[in-house]
Amino acid sequence: MANPSAAAAGRARRVRVRMTRAERREQLIDVARGLFAERGLDGTSVEEIAAHAEVSKPVVYEHFGGKEGLYAVVVDREVRTLQTAIRAALTTPRVGARRLIELGTLALLDYIDAYPDGFAIISRGSSATSQEGSFATILSDVASQAEDLLAAEFANRSFDPALAPMYAQMLVGLVGLVGQWWLDTRETTPLDKQVVAAHVVNLAWNGMRHLEVAPRLGRPRVTLVSDPDE
């Protein structure tokens, strides 16, 4: 006589939970996000996406037209999420310039902490199939917002505000590269994001405090830390 419990288990395995079209779409996006983060667009196949989602290949094509369409949806969603967070941070009312830099840095690190797969995709992957752009697009957008912030600071310090766009690119590039470094090393070098953000702001803000009005190359090197024996 067959084991009733084994037969029931077999029937349970054969029964699949039927998803709505919207639920299936979200499932495919979630599955693909992990695969794209690990293997990239070129290294991921429709077969793998379908297998991990436990659907047939035609289901993927039906929803997205292929892996490129699915990749574009994943990238666009991650880009919008990060852009929204950073824009909100940089438009916080009634705070000073230093605090805005802190909030912008933390917004990026918070996103990396919450969505490491998403950040891995948009910071390393191709943007050719994305309507919204790439990590470079995000950094350019943030730099544009930072221009006004820096221009005001420059005017207060008698620097040329016309140089603000260039310095905005420097500042945003610093934060972006540190974010990528933190994603790659936080498992082996466990620095808390608050600590990382504090050090980024330390360099960005305290460096700005000592900017020269007319810098030029070829000057004698300046010792940052004095020698106690001197």
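Since the structure is predicted, the reported quantities are computational estimates derived from the model, not experimental observations. (Residues numbered from 1 in each chain as written. Predicted model: local features only at pLDDT ≥ 70, side-chain atom pairs only at ≥ 80, totals over all residues. Heavy atoms only, no water.)

(A) Quick look at the confidence of the model for the protein chain. Predicted confidence across the protein chain gives a mean pLDDT of 83, with 82% of residues reaching 70 or more. Low confidence marks residues 8–15, where pLDDT is under 50. Its contacts with residues over four positions away, or in another chain, come to zero contacts. Scored below 50 in pLDDT, residues 126–131 shows ten contacts in the model against residues more than four places distant or in partner chains. (pLDDT = per-residue confidence, 0-100. Contact = heavy atoms within 4.5 Å.)

(B) Seen up close, the environment of Phe119. Its location among the elements puts Phe119 in helix 7 (residues 116–124). Taking relative accessible area as the criterion, Phe119 reaches 0% and is therefore assigned buried. In this view, Phe119 contacts Leu108, Tyr111, Ile112, Phe135, Gly179, Gln180 and Leu183; residues no more than four positions away in its chain are not counted. (Helix = DSSP H or I, 4+ residues; strand = E, 2+ residues; numbered from the N terminus. Buried < 20%, exposed > 50% of the residue type's maximum accessible area, 1.4 Å probe, protein only.)

(C) Focus on the pattern of salt bridges. Under the criterion given, the structure shown has 13 salt bridges. The salt bridge partner of Arg77 is Glu26, with a shortest N-O separation of 2.8 Å. Taken as a pair, Arg77 in helix 5 (residues 67–90) and Glu26 in helix 2 (residues 21–39) lie far apart in primary sequence, 51 residues in all. Arg186 is the salt-bridge partner of Asp113, the closest N and O atoms lying 3.0 Å from each other. (Salt bridge = Lys/Arg side-chain N within 4 Å of Asp/Glu carboxyl O.)

(D) Structural view of the packing of aromatic side chains. Counted by the stated rule, this structure contains six aromatic pairs. Three or more aromatic residues joined by ring pairs make a cluster, and in this case those are Tyr111, Tyr115, Phe119 and Phe135. Its guanidinium or amino end placed over the ring of Trp205, Arg157 lies 5.9 Å from that ring's centre, counting from NZ or CZ. The lysine or arginine in question, Arg186, covers the ring of Trp182, its NZ or CZ lying 5.2 Å from the ring centre. (Phe/Tyr/Trp six-rings, centres within 6.5 Å; stacked < 30°, edge-to-face > 60°. Lys NZ or Arg CZ within 6 Å of the ring centre and 35° of its normal.)

(E) Main features of the UniProt feature "DNA-binding region" (unreviewed entry) in the protein chain. The UniProt entry lists residues 45–64 under the feature "DNA-binding region" (unreviewed entry), expressed in the numbering used here. Between the first and last C-alpha atoms of residues 45–64 the distance is 13 Å; the span itself is 80% helix and 0% strand. (UniProt positions renumbered as here; feature names shortened; annotations may be inferred.)

(F) Just the nonpolar core, in detail. Counting residues in each nonpolar core, the largest one holds 63 residues, and the members touching the most others are Leu28, Phe36, Ile49, Val60, Leu70, Leu82 and Ile138. With residues near it in sequence (within four places) discarded, Leu28 still touches Ile49, Ala53, Val55, Val59, Val60, His63, Phe64 and Leu70. (Core = buried A, V, L, I, M, F, W, Y, C linked by side-chain atoms within 4.5 Å.)

(G) Examining unusual backbone geometry more closely. In this model, Glu54 sits at a positive phi of 60°, which is unusual for a non-glycine residue. With respect to the helices, strands and loops of the structure, Glu54 is situated in the loop between helix 3 (46–53) and helix 4 (57–64). With relative accessibility at 55%, the residue Glu54 sits in the exposed group. Notably, Ser158 is not glycine yet its phi reads approximately 65°, a positive angle. When its relative accessible area of 59% is taken as the criterion, Ser158 is described as exposed.

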